[in-house]
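Letter by letter, the chains look like this.
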Amino acid sequence: MKKLISFIFCLFIFNSSAEALVEVDITRGNLEPLPIAVSPLHVELGSKDIKQGNTIIKNIGERISEVIEINFRRSGLFNPLKKNSFVQNPEIAHVKPRFEDWRLIKAQALVTGQVIVSDDKLRVEFRLWDVVAAKEMIALAFSTTPNNWRRVAHIISDKVYQRLTGEEGYFDTRIVYVSESGPKTQRYKKLAIMDQDGANVKYLTLGNELVLTPRFSPKNQLVTYLSYFRNLPRVYLLDIETGVQEVVGDFPGMTFAPRFSPDGKKIIMSFAKDGNSDIYTMNLETRLVEKITDHTSIDTSPSYSPDGKYICFNSDRSGLQQIYVMRSDGSQVKRITFGKGLYGTPVWSPRGDLIAFTKVHKGQFYIGVMRTDGSGERLLTENFYQEAPSWSPNGRVLIFYRETKSDSEGKGFSAKLWSIDLTGYNERLIETETDGSDPSWSSLLSK
Amino acid sequence: MTRSIFLSLVFHSVMIVLTAISLPFMMRTPVDLPPILSVDLIQITDKTSIPFAAKAAKILEKIKKEKERVVSQQAPPSEKKKEKPDRIPLPEDLDKEKKQIVKKKQNPEEVKEEIRQASEFEKDELFDPNQIAALIDKSKEETAKTLKKNKKLTQSSVRTSFATGLTLSQEDALKAQIFGCWSLPLGLPYHKNLLVRIKLKLKPDGTVLRTEILDHARMNQPGQGFYKVLAESALRAVRICQPLRVPPTGYEKWKDLQLNFDANEMLKG
């Protein structure tokens, strides 16, 4: 009897509470770049103009907002709205935006800010607003020397990017590359460094020695590169901040592409010893050289996985140049590419999920990505000649260089730096003063 | 004796209270049903008993003659729609053409039937009462086939209308509206779980009274920074879209709505 009563009781209770909730699955959305309004930063009264070398920079608030806008546009993820459609004064917008006005121009996010420049100090504060929800998303302030105003713009771009996409930005970074000038048969190659948007170019070598394959350390502002001194390849280490340069070692025969390990304590490279090219590591503290591969074929272009446990490299041990992956001690070598054509310059993504590569097939060069087991190959861009991809620190964008055809006298030749994101649709030329090749992307400067 | 009466009284009163509290029809407010249409039932004879039978017979004869004439005449060629020379056939048109061709191949005699001239003796044979039965049987078969074909659809629509309170077309209209409003953050890690469930409380006109992210705790978990971004984008979509395209009736059914924003399908593509 008791059971019956409790059963009836439960029946009544459940019957009353079991109201069906309407559920709708949303599996599609809009992949258009997010409309964002970057209001010119308000400059406080009494602020001075910034002197940078011989040039005087006026309207620093507008200049900072322009740099942010260019960063967003180049990323392909944002659509910065035209400033002439803005109706609210930047000063008031920074304190209390009229969201209805910003919604009218279809903005979904708004960046406002203000700048104070005194003699030797620049203070920039900014706010990011969710226009639709009518609330503040992030607010930060930075103080630095006035000459650093571009870096502040890049840091603001990174913070906004991170807040709106959920992944780290890549704007406050630098690119080291080989600056080239002169005719094709007699090129002058200098080591150069610039901001990721092509600004602030500085030359690190004079151009009297051939420089090749500069690579950034993932941990700090060190660069390793290869240079020929009296026709002998030397591997150098250069500290960008101090300008101090040191020779890591002279290596026999052909030496290629030195690259840092993820912890920055080793350099991995390939060089030919006794007529056979293999992969070696060098401990930067002890200077001990260790042989990683031992094969009769040509093994080159090694690159560590971000956790340092694996190395990808290219080898012709199968008869054709293909990409292989092995453990960092050289064991368990496994071929991962089986497609048509030749594969080279593999680079492991900082996220660890993809490997970028150069592919040559039927005389055309491709930059592509694939998973670390070789599956899911995607060719992002095709051209007459292009190679040497390097990842942005967030693993979303690749930088590489592309050469144009020349006639028999070498006329019409040029080498330019390009970037492309993982979608394959956002390909951009990076403007440089001279021709450029062999780019390498740094980690975030303000990490 | 008094003890058992007392117990019986207590038990009955408890049962009455429980019934009053928990019976669903007592809890819910009356469902707003569409207005009732009144239909008058009349005898068929009221319409069919024609007072002037002689006149009616003449009319019937006239109609019959006309019908006979139509049967014995050659049918004029049917008019075809003029098509623009540069018109690109739509996939639907191609399908139609294919179907027609298939029909011709399967039943070539049917075409002949249309152009055949019937003799006076054959006229009586044209109308065969047995064929009606066959036609009825065929229509039954076709209905059964259609039902079989649409079995999934029917089940789904039943699920939609009873379990979710929206019909398929209503659900589609709502989805289409939100698809256009949802700007997907493009930097999401495609290999992670990208499902955000949002519960909404709606007004009868489709504007949003309240929103609630169901997996709110996930936002603060380490390595789930992208989830906050995704959830915010979903909330933004709801706000941009409002008032939502909800049905004009049945507010009680959809006043609480759950939207499951799933970016995995799109990003994995």
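Residues numbered from 1 in each chain as written. Chains lettered and ligands numbered in written order. Predicted model: local features only at pLDDT ≥ 70, side-chain atom pairs only at ≥ 80, totals over all residues.

## Section: the overall build of chain B
The helix and strand inventory of chain B stands at 13 helices and three strands. Taking all 269 residues of chain B together, the buried fraction comes to 14%. Nonlocal contacts in chain B, meaning residues at least 24 apart in sequence, comprise 71% of its contacts between residues at least 6 apart. (Helix = DSSP H or I, 4+ residues; strand = E, 2+ residues; numbered from the N terminus. Buried ≥ 20, exposed ≤ 12 C-beta atoms within 10 Å, placed from the backbone. Contact = placed C-beta atoms within 7 Å.)

## Some points on the overall build of chain A
What chain A contains, in helices and strands, is five helices and 33 strands. Dimensions along the principal axes, computed over C-alpha positions, put chain A at roughly 85 × 80 × 45 Å. The buried share among the 447 residues of chain A stands at 43%. Long-range pairs, those at least 24 residues apart, make up 44% of the contacts in chain A with a sequence separation of at least 6.

## As for the confidence of the model for chain B
All names here are of chain B. Taken over all residues, the pLDDT of chain B has a mean of 67, while the share at 70 or more is 46%. For chain B, the element scoring lowest by mean pLDDT is helix α6 (residues 108-115), at 42; strand β1 (residues 195-202) scores highest, at 93. Within the model, pLDDT remains below 50 along residues 42-51, and this stretch shows one contact once partners closer than five positions in the same chain are excluded. The low-confidence segment residues 70-91, where pLDDT is below 50, has nine contacts with residues more than four positions distant or belonging to other chains. At the level of chain-chain contacts, confidence expressed as ipTM amounts to 0.73, with global pTM at 0.72. (pLDDT = per-residue confidence, 0-100.)

## With respect to the interface of chain B and chain A
Every contact between the two is made by 44 residues of chain B and, on the other side, 30 residues of chain A. Listed by contribution, the elements that provide at least two residues to the side of chain B that touches chain A are α1 (2-22), α2 (24-27), α9 (151-164), α10 (168-181), α11 (225-241), α12 (251-254), β3 (256-262) and α13 (264-268) of chain B. Here the side of chain B that touches chain A gets eight residues from one element, more than from any other, and that element is α11(B). In terms of residue class, the side of chain B that touches chain A is built from 24 nonpolar, eleven polar and nine charged. (Nonpolar A, V, L, I, M, F, W, Y, C, P; charged D, E, K, R; others polar.)

## A look at α10(B)
Residues and elements named next belong to chain B. With 14 residues, α10 should reach 20 Å at 1.5 Å per residue; the first-to-last C-alpha distance of 20 Å fits that figure. Taken residue by residue, α10 has Gln170, Glu171, Leu174 and Ile178 as its buried positions. The buried residues of α10 all sit within an arc of 95° when viewed along its axis, so they share a single face. Every exposed residue of α10 that faces more than 90 degrees away from the buried side is listed here: Ser169 and Ala176. (Expected span 1.5 Å × (residues − 1). Arc of directions from axis to C-beta.)

## Observations regarding the sheet that holds β1(B)
The strand order β1(A)-β3(B)-β1(B)-β2(B) describes an open sheet built from four strands, whose pairing is mixed. Sheet topology places β1 (22-26) of chain A together with β2 (208-213) of chain B at the edges, where each strand pairs with a single neighbour. Ignoring strand direction, the axes of neighbouring strands in this sheet form an average angle of 25°. Bridge analysis of β1(B) against β3(B) gives seven bridges, and the strand direction is antiparallel. Bridge assignment links B:Arg197 to a residue of β3(B), and that residue is B:Asn260. Sitting on the sheet, α10(B) is in contact with β1 of chain A together with β3 of chain B, with an inclination near 45° to β1(A). (Pairing = 2+ DSSP bridges. Axes fitted to C-alpha atoms, helices over the stretch in contact; angles between N-to-C directions.)

## With respect to the confidence of the model for chain A
Residues and elements named next belong to chain A. Per-chain confidence: chain A averages 89 in pLDDT, with 94% of residues scoring 70 or above. Considering each helix and strand of chain A separately, the mean pLDDT is smallest for helix α1 (residues 2-17), with a value of 54, and largest for strand β23 (residues 322-327), with 97. Low confidence marks residues 14-18, where pLDDT is under 50. Its contacts with residues over four positions away, or in another chain, come to five contacts.

## Brief notes about the sheet that holds strand β29 (residues 385-391) of chain A
All names here are of chain A. Strand order across the open sheet formed by four strands is β29-β30-β31-β32, with antiparallel pairing between neighbours. In this open sheet, the two edge strands, each paired with only one partner strand, are β29 and β32 (427-430). Sheet twist, expressed as the average angle between the axes of neighbouring strands with direction ignored, equals 30°. Of the pairings in the sheet, the one linking strand β31 (residues 415-421) to β32 comprises four bridges and is antiparallel in character. Considered in β32, the bridge of isoleucine 420 is made with glutamate 427.

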